[in-house]
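Chain residues, written in single-letter form:
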Amino acid sequence: MDASGASQRDSAENGGIAAAGGEAVALPAAAMPDLASTATQMRAGERIVINEELIAAYQAASSPHSRRALKSDLEAFDLWCRRTGRIALPATAEVVADYLVGRAGQGARPASLARYKASIAKIHQLLDLKDPTQAELVKLRLRAIRKDKGTAQRQARALRFKGPVRDVAADTPRGLNLRALLDSCGDTLPELRDRALLSTAYDTGLRASELVAIDVAHILEATDPEARLLRVPRSKGDAEGEGATAFLSPRSVRAITAWLAAAGIEEGPLFRRVQVRRFKAKPAVAGEGIARRDADGRLLLLRAAGKPAQPARVDYDVGDTALHPGSIGPLWRAIIRRAFDRGALPDLTADDLVRLLNGISAHSTRVGLNQDLFVSGEELAGIMDALRWKSPRMPLAYNRNLAAEAGAVGRLARKLE
């Protein structure tokens, strides 16, 4: 048996991958954990032993979102290593530092670079390899990038209930506002779903992955007979599944009830894909005369039946599975464009729309609720509890601009008007 065959045999028996000329030799095992499969495909410079039990334990202890992010980061790092002729496992400090600088040059922000660094560190830890990200070179390169680019993260544009107003109770809605978006939704099946989805997202402040995970069984009765409570089994900050409860306003309950009735949903995922099938109108088809001969050779004149006219119609098919988290941001943007086209946002120009849409993401409803709670006078502790924050850093960041307006200079400026 040649050296390559021996390496593959050892890998299969010992749970490892072997390097052959700088290329990883994949394990033949058919049912390895996803992360182990990813690791076996990475460009290795030496024989790497994979502890599948450790990797399986990590995957069981982490969320699906964390596993997807780690897998994506490792695949991107490995691809860069292959293109530049570098070794991904084990990586050197120089390789990691060059990779982070390269990604920064492609526009990656410091927060993203920190995640890439953490992913590279995690796979080295899981494979019992020396962590190259702890080297001083990597830390200094990251520090230089932060100094050059700054550490401020781009914030999703807020979708506030009445738009950019000071008094969320008394002021008239203006600009891009959630009320106009909800009112502009019609009674077709997709728009009934959009109204229920958007209203629920604002009430609960759920992230996209949490929003699409809502099941009909998660909706619970509340003290207010017109409202409901929503059980949130798991969230980004609740990896161990302690669970939480969110509030659904009567507005959201009415929208959800209408959607469920129209879609015929009684159990399972609440928010689902709706396939739209459009049929063009067809004119009537007149009957035609047909000449035939009978068994005796006599000519018979028959008339084939015509077809009546068919009007244009639209059919909808509701799926059985939940929406994908990645569809939420595009749905918000589609709802906003539709509302603008219907004249529901009269104080916005076409240029305004382009500018505003550029900042809209799945997080926009969460940011909007956070800001409306702040403007309405809620304390930080109450905001953190309502949106299930574990740290005050993000809610404070979301409210930074509003805090400046409500601060000493803002109050003085209004007195001087």
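Nothing here was measured: the structure is a model prediction, and the numbers come from that model.

1. A few points about the overall build of the protein
Each helix and strand in the protein was counted, giving 18 helices and 10 strands. The 417 residues of the protein split such that 40% are buried. Taken as a whole, the protein presents about 23,100 Å² of accessible surface, with 52% of it coming from carbon and sulfur.

2. Points about the environment of L192
Counting through the fold element by element, L192 comes out in helix α9 (residues 189-204). C-alpha separation for the pair L192 and A262, spaced 70 residues apart in sequence, amounts to 8.1 Å. Setting aside residues no more than four positions away along its own chain, L192 makes contact with G186, D187, A255, A258, W259 and A262.

3. A look at unusual backbone geometry
Among all residues save glycine, negative phi is the norm, and among peptide bonds the norm is trans. Note the cis peptide between L89 and P90, where omega equals -10°. Locating P90 in the fold gives a position in the loop between α4 (64-84) and α5 (93-105). One non-glycine residue with positive phi stands out, namely D128, at about 55°. Here D128 lies in the loop between α6 (110-126) and α7 (136-149). Residue classification places D128 among the exposed positions, given a relative accessible area of 62%.

4. Things to note about the nonpolar core
Counting 57 residues, the largest nonpolar core has W259 and W332 as its most contacted members. Excluding anything up to four places from it in sequence, W259 contacts L189, L192, R193, A196, I265, L270, F271, R272, V274 and V318. Among the nonpolar cores identified, the runner-up in size contains 35 residues, and L35, A44, A93 and A97 belong to it.

5. Focus: the pattern of salt bridges
Within the structure shown, the criterion is met by 15 salt bridges. We note a salt bridge from D98 to R86, for which the minimum N-O separation is 3.2 Å. One end of the pair, D98, is in helix α5; the other, R86, is in the loop between α4 and α5, with 12 residues separating them in the sequence. Of the residues examined, D98 reaches a relative accessible area of 27% and is grouped as partly exposed. When salt bridges that share partners are traced, they join E191, R193, D194, R338 and R342 into one network.

6. A closer look at the side chain of D203
Secondary-structure assignment places D203 in helix α9. Given a relative accessible area of 17%, D203 falls into the buried group. Polar side-chain contacts of D203 include one of 2.4 Å to the side chain of R251. Beyond its immediate stretch of four places on either side in the chain, D203 contacts F247, L248, S249, R251, S252 and L369.

7. Looking at the packing of helix α12 (residues 328-341) against helix α13 (residues 350-357)
In contact at an axis separation of 11 Å, α12 and α13 are set at 170° when each is read in the N-to-C sense. As judged from the angle between their axes, α12 and α13 are roughly antiparallel. Here α12 contributes R333, I336, R337 and F340 to the contact with α13, which in turn contributes A350, L353 and L357. Split by residue class, the contact of α12 with α13 holds 5 nonpolar, no polar and 2 charged.

8. Structural notes on the confidence of the model for the protein
A low pLDDT means the predicted coordinates there should not be read in detail. Looking at the protein as a whole, the pLDDT averages 84, with 84% of positions reaching at least 70. Considering only residues more than four positions removed or in separate chains, one finds that residues 1-32, a stretch of pLDDT under 50, has 61 contacts.

9. Quick look at the packing of aromatic side chains
Two measures describe an aromatic ring pair: the distance that separates the ring centres and the angle between the ring planes. Using the criterion set out here, one finds 4 aromatic pairs in the structure. Ring plane angle 70° and centroid distance 5.0 Å describe the contact between F77 and Y99, whose orientation is recorded as edge-to-face. With F77 in helix α4 and Y99 in helix α5, this pair connects stretches of sequence that are 22 residues apart. Per residue, the accessibility class of F77 equals that of Y99, and both read buried. In this structure an aromatic cluster arises from ring pairing among F77, W80, Y99 and Y116. Across the ring face of F279, the terminal group of R313 is positioned such that the distance to the ring centre comes to 3.9 Å.

10. Things to note about the layout of surface pockets
Reported here for the second largest pocket is a volume of approximately 400 Å³. The wall of the second largest pocket is formed by 22 residues, among which T245, A246, D385, A386 and R388 lie closest to the centre. Secondary-structure elements contributing two or more residues to the lining of the second largest pocket are α9, β6 (244-248), α14 (364-375) and α15 (380-386). Ranked by the residues each element gives to the lining of the second largest pocket, the list is headed by β6, at 4 residues. Counted by class, the lining of the second largest pocket contains 10 nonpolar, 5 polar and 7 charged residues.

11. Some points on the packing of α9 against α12
Remark: α9 packs on α12, axes separated minimally by 11 Å, with the N-to-C direction vectors making an angle of 115°. In terms of axis orientation, α9 runs roughly perpendicular to α12. Two packed elements cross with a definite hand, and for α9 against α12 that hand is left-handed. Residues E191, R193, D194, L197, L198 and A201 of α9 lie in contact with α12, whose contacting residues are I328, L331, W332, I335 and R338. For the contact of α9 with α12, the class distribution of residues is 7 nonpolar, no polar and 4 charged.

12. Concerning the pairing of strand β5 (residues 228-232)
Here strand β4 (residues 219-221) pairs with β5 via 3 bridges, running antiparallel. Bridge pairing links L220 to L229 in β5. The antiparallel hairpin formed by β4 and β5 contains 6 residues in its connecting segment. As defined by bridge partners, β5 adjoins β6 across 5 bridges and the pair is classed as antiparallel. Note that in β6 the partner of V232 across the bridge is A244.

What counts as what
- Residues numbered from 1 in each chain as written.
- Predicted model: local features only at pLDDT ≥ 70, side-chain atom pairs only at ≥ 80, totals over all residues.
- Heavy atoms only, no water.
- Helix = DSSP H or I, 4+ residues; strand = E, 2+ residues; numbered from the N terminus.
- Buried < 20%, exposed > 50% of the residue type's maximum accessible area, 1.4 Å probe, protein only.
- Areas by Shrake-Rupley, 256 points an atom, 1.4 Å probe, with all protein chains shown as cover.
- Contact = heavy atoms within 4.5 Å.
- Core = buried A, V, L, I, M, F, W, Y, C linked by side-chain atoms within 4.5 Å.
- Salt bridge = Lys/Arg side-chain N within 4 Å of Asp/Glu carboxyl O.
- Polar contact = N/O pair within 3.5 Å; in protein donor to acceptor, adjacent residues only side chain to side chain.
- Axes fitted to C-alpha atoms, helices over the stretch in contact; angles between N-to-C directions.
- Parallel < 35°, antiparallel > 145°, perpendicular 65-115°, else oblique.
- Nonpolar A, V, L, I, M, F, W, Y, C, P; charged D, E, K, R; others polar.
- pLDDT = per-residue confidence, 0-100.
- Phe/Tyr/Trp six-rings, centres within 6.5 Å; stacked < 30°, edge-to-face > 60°.
- Lys NZ or Arg CZ within 6 Å of the ring centre and 35° of its normal.
- 1 Å grid on protein atoms, 1.4 Å probe; cavity = no way out; pocket = protein on both sides within 12 Å on 5 of 7 lines; lining within 4 Å.
- Points joined across faces, edges and corners; volume = space filled by probe spheres on them.
- Left-handed = near helix turned anticlockwise from the far one by under 90°.
- Pairing = 2+ DSSP bridges.

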